[in-house]
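This is what each chain is made of:
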Amino acid sequence: MNGDSQLSASTNTAFSFISKGWREVRDSADADLQLMRARANSFKNLANSFDREIENFFNSASTSFSVGSFGSSTPTEIDFVKKLQPKISEFRRVYSAPEISKKVLEKWGPRAKLGIDLSAIRNAIVADVVDEDINAIVEFDRVRRRRKPVKFSEFWGERKEDRGQFREWEPIRALRRRLKELEKKSEPVEIFGGLKNNDFVEKLKSSLKAMREPQDSKEVPPLDVPELLAYFVRQSGPFLDHLGVRRDICDKIVESLCSKRKNQLLLRTLSTGESSVIENEGVNDELDVRIASVLQSTGHCYEGGFWSDLPKHSPSDKKRHVAIVTTASLPWMTGTAVNPLFRAAYLAKSEKQNVTLVVPWLCKSDQELVYPNNVTFSSPEEQESYIRNWLEDRVGFKSEFKISFYPGKFSKERRSIIPTGDTSQFISSKEADIAILEEPEHLNWYHHGKRWTDKFNHVVGVVHTNYLEYIKREKNGALQAFFVKHINNWVTRAYCDKVLRLSAATQDLPKSVICNVHGVNPKFLKIGEKVAAEKELGQQAFSKGAYFLGKMVWAKGYKELIDLLAKHKSELDGFNLDVFGNGEDANEVQTAAKRLDLKVNFMRGRDHADDSLHGYKVFINPSVSDVLCTATAEALAMGKFVICADHPSNEFFRSFPNCLTYKTSEDFVAKVREALENEPQPLTPEQMFNLSWEAATERFMQYSELDKILNDNQGDSKFRINNGNRMSKSVSLPNMSQMVDGGLAFAHYCLTGNEFLRRCTGATPDTRDYDKQHCKDLHLLPPQVENPIYGW
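Within each chain, residues carry numbers counting from 1 in the order of the written sequence. Under the rules for a predicted model, residues below a pLDDT of 70 receive no local features and side-chain atom pairs below 80 are neither given nor counted, while totals for whole chains, interfaces and linings still include all residues. Hydrogens are left out, water is left out, and the side-chain values use all remaining heavy atoms of the structure.

Some thoughts on the overall build of the protein
Rules: Secondary structure elements follow DSSP: runs of H or I no shorter than four residues count as helices, runs of E no shorter than two count as strands, and numbering proceeds from the N terminus. Each residue is placed in one exposure class: buried if its accessible area under a 1.4 Å probe, protein chains only, is under 20% of its type's maximum, exposed if it is over 50%, and partly exposed if it falls in between. Contacts were defined at the residue level, with two residues in contact if any of their heavy atoms lie within 4.5 Å. Here the accessible surface of atoms and residues is derived via Shrake-Rupley with a 1.4 Å probe, and residues count as covered only by protein chains that are part of the display.
Regarding its fold elements, the protein presents 33 helices and 16 strands. A total of 792 residues make up the protein; the buried ones form 43% of that total. For the protein, the proportion of contacts with a sequence separation of at least 24, taken over those separated by at least 6, is 70%. Taken as a whole, the protein presents about 44,000 Å² of accessible surface, with 54% of it coming from carbon and sulfur.

A closer look at empty space enclosed by the protein
The following threshold applies: Residues are called lining when one of their atoms sits within 4 Å of a cavity or pocket point, these points coming from a 1 Å grid over the protein atoms alone, where a cavity is a set in which a 1.4 Å probe fits but cannot get out and a pocket is an open set with protein on both sides within 12 Å along at least five of seven lines. Grid points are joined across faces, edges and corners, and a volume is the space filled by probe spheres set on the points. Only Asp, Glu, Lys and Arg are considered charged in this grouping, and only Ala, Val, Leu, Ile, Met, Phe, Trp, Tyr, Cys and Pro are considered nonpolar; every other residue, Gly among them, is considered polar.
In total, this model carries nine cavities of 30 Å³ or more according to the counting rule given. Within this model, the largest cavity holds a volume of roughly 90 Å³. Ranked by residue count, the leading element in the lining of the largest cavity is helix α22 (residues 522–536), at six residues. Taken as a whole, the second largest cavity encloses approximately 70 Å³ of empty space. Looking at the lining of the second largest cavity residue by residue, the class counts come to seven nonpolar, four polar and no charged.

Considerations on the packing of aromatic side chains
Under the convention used in this document: Aromatic pairs are defined between Phe, Tyr and Trp rings, using the six-membered ring for Trp, whenever the two ring centres lie within 6.5 Å; interplanar angles under 30 degrees are classed as stacked, those over 60 as edge-to-face, and all others as tilted.
Using the criterion set out here, one finds 19 aromatic pairs in the structure. Measuring from ring centre to ring centre gives 6.3 Å for Y346 and W693, while their planes differ by 15°; the resulting arrangement is stacked. Of this pair, Y346 sits in helix α15 (residues 335–349) while W693 sits in helix α28 (residues 693–703), and the two are 347 residues apart along the sequence. We note that Y346, like W693, is buried.

A look at the packing of α15 against α28
As a reminder of what qualifies: Helix axes are fitted to C-alpha atoms over the stretch in contact, other axes to C-alpha atoms as well, and angles between N-to-C directions run from 0 to 180 degrees. For this classification, under 35 degrees means roughly parallel, over 145 means roughly antiparallel, 65 to 115 means roughly perpendicular, and everything else is oblique.
Running from N to C, α15 and α28 cross one another at 85°; their axes reach a closest spacing of 10 Å. When the axis of α15 is compared with that of α28, the two are roughly perpendicular. Residues N339, F342, R343, Y346, L347 and K349 of α15 form the contact with α28, whose own contacting residues are W693, E694, T697, F700 and M701. Partitioning the contact of α15 with α28 into residue classes produces six nonpolar, two polar and three charged.

A closer look at the side chain of S503
Counting through the fold element by element, S503 comes out in the loop between β7 (498–501) and β8 (512–514). Using a relative accessible area of 4% as the deciding quantity, one classes S503 as buried. Beyond its immediate stretch of four places on either side in the chain, S503 contacts I514, V627, P648 and S649.

Here we look at α15
Applied cut-off: Between the first and last residue of a helix there are one fewer steps than residues, each counted as 1.5 Å, and that sum is the expected span.
Its 15 residues give α15 an end-to-end C-alpha distance of 21 Å, which sits within 8% of 21 Å, the value for a rise of 1.5 Å per residue. The element α15 is largely enclosed, with a buried count of 13 among its 15 residues. At the C-terminal side of α15, E351 shows a positive phi close to 60°.

Considerations on the side chain of D422
As a reminder, the rule being used: Think of it this way: Lys and Arg go in the positive column, Asp and Glu in the negative one, and His and the chain ends go nowhere. A side-chain nitrogen of Lys or Arg and a carboxyl oxygen of Asp or Glu constitute a salt bridge if their distance falls within 4 Å. The definition of a polar contact used here is a pair of N or O atoms within 3.5 Å, where within protein one atom must be able to donate a hydrogen and the other to accept one, and adjacent residues in sequence count solely through side-chain atom pairs.
As for its position among the elements, D422 is in the loop between β4 (416–419) and β5 (434–438). In this structure, D422 is buried with no salt-bridge partner, the nearest side chain bearing the opposite charge being K455 at 6.3 Å. A distance of 2.6 Å separates a polar atom in the side chain of D422 from a polar atom in the side chain of S424. Apart from the residues lying within four places of it in its own chain, the contact partners of D422 are H447, H448, G449 and K450.

With respect to the sheet that holds strand β12 (residues 616–621)
Where we set the bar: Only strands that DSSP links by at least two bridges are regarded as paired with each other.
Strand order in the open sheet formed by six strands is β11-β10-β9-β12-β13-β14, and the pairing between neighbours is parallel. Every other strand in the sheet has two partners, leaving β11 (600–603) and β14 (659–662) as the edge strands with one partner each. The sheet shows a mean angle of 25° between the axes of neighbouring strands, direction not considered. Bridge count for strand β9 (residues 544–549) against β12 is three bridges, and the pairing is parallel. Looking across to β12, one finds that K544 is bridged to Y616. The strands touched by helix α23 (residues 558–567) within the sheet are β9, β10 (577–580), β11, β12 and β14, with β10 carrying the most contacts at an inclination of about 165°.

Some thoughts on the nonpolar core
What counts, and what does not: In this description, a nonpolar core means a group of buried Ala, Val, Leu, Ile, Met, Phe, Trp, Tyr and Cys residues linked to one another through side-chain atoms lying within 4.5 Å.
Formed by 131 residues in total, the largest nonpolar core has its most connected members in F401, I620, I643, F668 and F700. Contact partners of I620, with chain neighbours within four places excluded, come to A546, Y547, F548, L561, F575, L577, I643, F668 and V672. Ranked by size, the runner-up nonpolar core spans 10 residues in total, among them C250, L257, C258 and L287.

Examining the pattern of salt bridges
Scanning all chains against the criterion turns up 26 salt bridges. Of the charged contacts, one joins D626 and K556 as a salt bridge, the two residues approaching to 3.5 Å between their closest N and O atoms. With a gap of 70 residues between them, D626 in the loop between β12 and α25 (630–637) and K556 in the loop between β9 and α23 connect regions that are remote in the sequence. The partner of D646 in a salt bridge is R654, with the nearest N and O atoms 1.7 Å apart. Each member of the salt-bridge network shares a partner with another, and the members are D393, R394, K523 and D607.

Remarks on helix α26 (residues 665–677)
Counted only if it meets this: For this quantity, the arc is that covered by the directions from the helix axis to the C-beta atoms.
With 13 residues, α26 extends 19 Å from end C-alpha to end C-alpha; this agrees with the ideal 18 Å at 1.5 Å per step. All of the buried residues in α26 are S665, F668, V669, K671, V672 and A675. Each buried residue of α26 lies within a common arc of 165° when the element is viewed along its axis, so the set occupies one face.

Thoughts on the sheet that holds β5
Remark on secondary structure: sheet strands pair via backbone hydrogen bonds, oriented parallel or antiparallel. Taken in spatial order, the eight strands make up an open sheet running β4-β3-β2-β1-β5-β6-β7-β8, and their pairing is mixed. Two strands lie at the open edges of the sheet, namely β4 and β8, each paired on one side alone. Sheet twist, expressed as the average angle between the axes of neighbouring strands with direction ignored, equals 30°. In this structure, strand β2 (residues 353–361) lies alongside strand β3 (residues 402–411), joined through six bridges in parallel fashion.

Thoughts on the pairing of β11
Every regular strand shows the same layout, with side chains that alternate between the two sheet faces. To keep things clear, this is the line we draw: Crossovers are described as right-handed under a simple rule: with the strands pointing away from the observer, the path leading from the first strand over the helix to the second runs clockwise.
Sheet topology places β10 next to β11; four bridges connect them, and they run parallel. Bridging from a neighbouring strand, D578 pairs with N601 of β11. Note on the crossover from β10 through helix α24 (residues 586–595) to β11: the handedness is right-handed.

Some points on the packing of α15 against helix α17 (residues 380–395)
Remark: α15 packs on α17, axes separated minimally by 11 Å, with the N-to-C direction vectors making an angle of 70°. Taken together, the axes of α15 and α17 are roughly perpendicular relative to one another. On α17, the residues touching V338, L341, F342, A345 and Y346 of α15 are I387, W390, L391, R394 and V395. Here the contact of α15 with α17 is built from residues that sort into nine nonpolar, no polar and one charged.

Quick word on unusual backbone geometry
Residue P331 follows L330 across a cis peptide bond; omega there is 10°. Secondary-structure assignment places P331 in the loop between β1 (320–325) and α15. Of note, the phi angle at N373 is positive, near 60°, even though the residue is not glycine. Within the fold, N373 resides in the loop between α16 (364–370) and α17. Classification of N373 by relative accessible area gives exposed; the value is 55%.

This is how it looks when you write it as structure tokens:
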């Protein structure tokens, strides 16, 4: 009971307190309303008195006019009154209107003491009166100024807190405080000063200024130290990643450096009064735009992806992209020039993916050493036209793929083309989806640039050449072959996801599988069909004996051929062999054959599809250095006999009945006699299809896992499709093999950056970067401009 009574008492006390407070508020509001009415009445009285003062002034002016007409009044005074009378009448009409008090009350409130500013009247009068009457007007204004203008503090009144009075209501005090602040900012410049510095207004002004003034008219300042450091950290991303520095730490460093640059720019723009619009820009976007603007000012055509890791593949037409990079180009008739060209044509023929063929560009001096029949090109466009005409003449259809060139130099010692600079640079990041490296070991011996597997989603290497077999024939060949073997393992493991070996003749490489992914020119299959048709009609298809075709270097089988013919010269009495080829060892090969008195006719090299070669029945190829001889496949496609060694490089051809393999020199003689005495069997449709590029493309898609990658959108493979059609590697913790591969790639990058180490390992001098002639031919910026920070 005591608790209930206490609760009731406290409740009554609270209600009484609230009621008392509400009464006080109500009384205060009533008092304020009464004061507002009183002030309104005083304002009306003031307006009436002012009206009477104006009327008296007008009457006095009229009286002065009438008296002056008979007295000493001058014409100047008469003109002054005439000019003043309409202005005073207009002023009285405006300020004596009934709405004036209402408008003033609405804006200023009921307690205002009106102070009228007559400066407008003074200015209007002073503009028209003569100089003699200015003093009178100034005196009139001075008298007016004795009355102080009304302030908001006087309008509302400063109610002091007496002991017997209640405190003012908090909203009223807040309103009065705001009005006082507004009174201090009496000028429009002060009132709208905050709006002037508004971000939106500043960005709008900068945008309008950019539209009015061309951006090119301003000189772009060079990169400063914080920007250079930020770019250095971003470019060193792969390097720092190999050291275990996480990418988010690199991003924080870049953000810190860019923030310093942004703060400096803001201070500079604030001091000069200019606006800056980079406050809300992302750090990465700001750095990208800054670098791009500097490059654009130097004339560099920025494509994207070279300065930063942009999305690897986001095409607008929802197609994947395949870049085929090779080490040779037409008109050099070598396997690494012909086979990648056909691969590009047949991959593009399906129209399921975009294809780019990347081939080396040689300067004029190197072209004269490499290309046969003194064929040279003055521009990449001229060579591209030659390549396309040659291809269309053989495949019979127009291929829609792009041809790109990278700088290369011909090495006389290695008799091959060595890439100069970073070859991956010539495939933009937008097209960096799938890379096919023809001869990956050759492309990466001295590769100093971005890691292929970092830039591309999937990298496939196709091994064409048995380099170990070539190197063993040189001086100290065994020692050189030992080092080259491990270097090949090193670079293919570091830069490839999958490696295809055309035959078991190559060394066993990491991540490799054996499969023939090459086909023959459709032209040779048509020749074979023609030969089969002639045989059905009872006509003689072959009128000549045996021949050999190949580049005239010892390693291409010429040593084995001369040894076999010399050893069995008596058994092969009456056997004549025609040899077609050009090469560096042509004089030595011909001299050796003449010295041994062999019945060999040497002729200039020519296309295997030439009409002069159709009548030969037997193709002899004793080479054991080839990985997969293209000429052997072409001879089989034309329906000829092929005599070759029982060697892993010829494993694919053993299933064809016209392929005659031998193990010993005596067996070679027997196979030659068998071929000369018999007629080859026509190819079946299945055998012809296995030799075609359609079948080779199917095998390539299967063994390289491209079919799985292109079609597996949600599988368990490490490649997944994100954002519709863009492929990226799934995020997972790296295993030990991936860590080793990354370490090998980093070590190779460091070693190939040192010119002394490059030359010690046999690199052509000055091949780390392309030279001035390449810059001129390919319209490239100098290497120091492309890589302004550092280069190892």
